[in-house]
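One-letter residues, chain by chain:
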Amino acid sequence: MRLELHRARVKGIRWGSATALAGDGVLQVNRDELLALIREDGRFAGVDADLASPGDRVRIVPVKDVVEPRCKIEGDGEVFPGMIGDVETVGQGKTFVLDGAAVVTCGKIVGFQEGIIDMSGVGAEYTPYSVTFNLVLIFRPVDGIEIYEYEQACRLAGLKAALYLARSAHESGAAADRVETFELPSVPELLSAYPKLPRVAYLYQLQTQGLLHDTYVYGLDAKRLIATIIHPNETMDGAIVSGNCVSSCDKNSTFTHQNNPVISALYARHGVDLNFVGVIISNENVTLIDKRRSSAYAVKLARILGIEGLVISEEGFGNPDADLIMNCHRAEIAGIRTVLITDEYAGRDGASQSLADATKEADAVVSCGNANMIVELPKMDRVIGYTDYVDVIAGGFSGSLRADGSIEVELQAITGATCELGFTRMGAKTL
Amino acid sequence: MVKEIERYGLPIVHICTIVPISLTVGANRIVPAIAIPHPLGDPTKTPEEEYAMRRAIVEKALSALQTPITEQTVF
Amino acid sequence: MIQKTASHVICVTNNPDWGPGRDGFEYVDGGPWGVFKRARDLVHGGWRFLAHPLYGNFNPMRHPYRTLLLESPSGGDRSVDMESFSMLEAALESCRAGMAKNYGGESGEAARRDFAKLDCELMRDALNRYCLWAPVIS
């Protein structure tokens, strides 16, 4: 399968009379047209839209999801298959990307909320979405709506807005600044092309615990999946979509599923020092029997593919740690070497055990940061969304939100801060 | 606590339920207990049967105290 | 596959949304810590978890409700299930960390209702599987 990403660089965002990418790289958005599209869903009592650019003294809270505007320009299907459109296999042909823009969904789903994005100041250093030009959608539900219905409406609205922006910009003549090509042929071709390179695969764990903790693959609740193979290009066309709002630092937003850095890194080294054989997706269900079934199945798939090395990422903490450790242990005793990618809940001093589970085979682990670290977020000039519930955001605590508008929170509260795909702004170096 | 007492040269026996944990923390003389809620008893037995079980465990522990060992030993 | 109703499966919970007096449910006071302590006593007696106790991406002390699914030991074997024991200890450790940081506290009736609902939803699949799910009282 071969996919070209046609990336048009976005250098600004403003309201305008038509949705298009202007010659200076500024994305103009027809606010009325966008809101009319989103308001078609009768489950909203109110929808508002706002803009936030890097450097603005603006705080967006509570953040549900972040989505990158993309649309198909050639090839089967449309982005976000099974969510907005049909379930035709994606990942081939050409996809247009508004590179540097993001749709951020924001608003009340339940009485406690998730996710802070600061566009400037200390908080901006910890979220990857302070450097994107953000179109923020703020939702208010109709009275008495069932939570499930409302969550779905919010999720679909973000995807529709992202598709609308990309499609409108492309149709109004936006041209790509660069084209990236991603091609991975069938397994027999891979094996005959690089017979001597180690066969490496990526085991991609998806959050699937239930309401506000779900992930969708071609529109299917991934809780219902058994571990299976997906072509990495399919993720670039939004085959995996987030229905997960909790917790904000380490939930994989739809944006990160579309831009998975593990997949990009494996592609970059494919044919160089490794043979990127494929991606296995698995889930993180709550029942232990589901965990064992998924883990056994995922590792079996790796063995069928003749995998020698497995990169495993998780999403979330607590019970997903059990899946991560189980997958590591099973793969290692089957003779497959593993590397794990996870964040840590190591206490405010970083000295506590980082994960809720352990195994001696987990001896190669990449950390995406300590979610318990405290940060002081300064007062911002403007808030998009609601601040009432910062105290009950995961990462906030009694007294978090101060009278002067500043916030003392754990990193856990900042959207994308310790993303376990490595899509973060934090790193480390060996001294 | 087992390790701290042993550091002063006093032999000590650890009567415990979860033997793997006792081995991991480094207890040298280990006697398996009955269960966490009742390490030296069993409420499902008669008082006489319980007494016999308790006595057997304590005697095993005392015997372990007197037994020279060269490595971690589960009695 | 439809699981047969298991007479040895119980749900230990402090969530009033499940409704009172339900078969297979044991109601506990004392917040999430109280629920975990009861589960600890059961696990020490040989019971094992059927669902991971640390479900939901919150520290358990942030969430006023906890619902745990456990299965009794079979036959006379009451030896401790090490997997359940480890999960329990991890859960208790997480609680202690949360209590030390003053997590939780009053969050208003709307939030309380939502927490209760979310707790039920996160355990929906697990209870369904073991035939303990039923529409909750709203």
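Going by the structure above, here's the rest.
Only a predicted model underlies this, so the values are computations on that prediction, with no experimental measurement involved.

What counts, and where the lines are drawn
- Residues numbered from 1 in each chain as written.
- Chains lettered and ligands numbered in written order.
- Predicted model: local features only at pLDDT ≥ 70, side-chain atom pairs only at ≥ 80, totals over all residues.
- Heavy atoms only, no water.
- Helix = DSSP H or I, 4+ residues; strand = E, 2+ residues; numbered from the N terminus.
- Expected span 1.5 Å × (residues − 1).
- Buried < 20%, exposed > 50% of the residue type's maximum accessible area, 1.4 Å probe, protein only.
- Contact = heavy atoms within 4.5 Å.
- Core = buried A, V, L, I, M, F, W, Y, C linked by side-chain atoms within 4.5 Å.
- Buried area = accessible area lost by both parts, 1.4 Å probe.
- Salt bridge = Lys/Arg side-chain N within 4 Å of Asp/Glu carboxyl O.
- Pairing = 2+ DSSP bridges.
- Axes fitted to C-alpha atoms, helices over the stretch in contact; angles between N-to-C directions.
- Polar contact = N/O pair within 3.5 Å; in protein donor to acceptor, adjacent residues only side chain to side chain.
- Nonpolar A, V, L, I, M, F, W, Y, C, P; charged D, E, K, R; others polar.
- Parallel < 35°, antiparallel > 145°, perpendicular 65-115°, else oblique.
- Left-handed = near helix turned anticlockwise from the far one by under 90°.

Caption draft 1: Up close: helix α8 (residues 319-333) of chain A. Residue and element names in this part refer to chain A. A rise of 1.5 Å per residue sets the reference length of α8, with its 15 residues, at 21 Å; its end C-alpha atoms lie 22 Å apart and thus fit the reference within 8%. Taking burial as the measure, the 15 residues of α8 include twelve buried ones, the bulk of the element. In the core, the buried residues of α8 are packed alongside β14 (199-207), β19 (275-284), α7 (288-304), β20 (309-313) and β21 (337-344). Positioned one or two residues after α8, Gly335 has a phi angle of 90 degrees, which is positive.

Caption draft 2: Molecular detail of the nonpolar core. Phe49, Leu68, Leu69, Leu70, Met123 and Leu127 of chain C are the most contacted members of the largest nonpolar core, which has 51 residues in total. Contributions of two or more residues to this core are made by β1 (9-13), α1 (31-44), β4 (67-71), α2 (82-100) and α3 (108-129) of chain C. Top contributing element to this core by residue count: α3 of chain C, with nine residues. With residues up to four places along the chain from it excluded, the contact list for Leu127 of chain C reads Cys11, Trp18, Phe25, Leu69, Leu132 and Trp133 of chain C. Ranked by size, the runner-up nonpolar core spans 42 residues in total, among them Ala8, Leu35, Ala49 and Val103 of chain A.

Caption draft 3: Representation of the interface of chain A and chain C within the structure. On the side of chain C, 32 residues touch chain A, which itself brings 45 residues to the contact. Counting the surface lost from both chain A and chain C, the interface buries some 3,000 Å², and carbon and sulfur atoms represent 56% of this. Inspection of the region where chain A meets chain C yields four salt bridges. The closest approach of N and O atoms between Asp125 of chain C and Arg224 of chain A, which form a salt bridge, is 3.1 Å.

Caption draft 4: Geometry of the sheet that holds strand β1 (residues 14-16) of chain B. Residue and element names in this part refer to chain B. Pairing within the open sheet is parallel, and its three strands lie in the order β1-β2-β3. Across the chains shown, the open sheet's two edge strands, defined by having one partner strand only, are β1 and β3 (73-74). Pairing of β1 with strand β2 (residues 29-32) involves three bridges; the strand directions are parallel. Bridged to His14 within β2 is Ile30. Docked against the sheet, helix α3 (residues 47-66) engages β1 and β2, running at close to 170 degrees with respect to β2.

Caption draft 5: Layout of the pattern of salt bridges. All names here are of chain A. Counted by the stated rule, this structure contains 46 salt bridges over all chains. Here Lys94 and Glu74 are joined by a salt bridge, their closest N and O atoms 3.4 Å apart. Separated by 20 residues along the polypeptide, Lys94 in strand β9 (residues 93-99) and Glu74 in strand β8 (residues 70-74) bring together distant segments of the chain. Judged by its relative accessible area of 24%, Lys94 falls in the partly exposed class. With a relative accessible area of 42%, Glu74 lands in the partly exposed category. Here Lys360 and Glu361 are joined by a salt bridge, their closest N and O atoms 3.6 Å apart. Given a relative accessible area of 74%, Lys360 falls into the exposed group. Bridged by salt links that share partners, the residues Arg7, Arg9, Glu68, Arg70, Asp99, Arg178 and Glu180 form one connected network.

Caption draft 6: Just the interface of chain B and chain C, in detail. The interface of chain B with chain C comprises seven residues on the first partner and six residues on the second. Between the two partners, chain B and chain C, sit zero salt bridges. Where chain B packs against chain C, one counts zero residue pairs in polar contact (both at pLDDT 80 or more). Along the lines of polarity and charge, the residues of the side of chain B that touches chain C split into four nonpolar, two polar and one charged.

Caption draft 7: Fine view of the packing of α1 of chain C against α2 of chain C. Residue and element names in this part refer to chain C. In the contact formed by α1 and α2, the axes pass within 10 Å of each other and the chain directions differ by 155 degrees. When the axis of α1 is compared with that of α2, the two are roughly antiparallel. For the pair α1 and α2, the sense of crossing is left-handed. Facing Trp33, Phe36, Ala39, Arg40, Val43 and His44 of α1, the residues of α2 in contact are Ser84, Phe85, Leu88, Ala91, Leu92, Cys95, Arg96 and Met99. Residue composition of the contact of α1 with α2, by class: ten nonpolar, two polar and two charged.

Caption draft 8: Seen up close, the sheet that holds strand β4 (residues 26-29) of chain A. One open sheet holds the three strands; their spatial order is β2-β4-β3 (chain A), and the pairing between them is mixed. Every other strand in the sheet has two partners, leaving β2 (12-15) and β3 (20-21) of chain A as the edge strands with one partner each.

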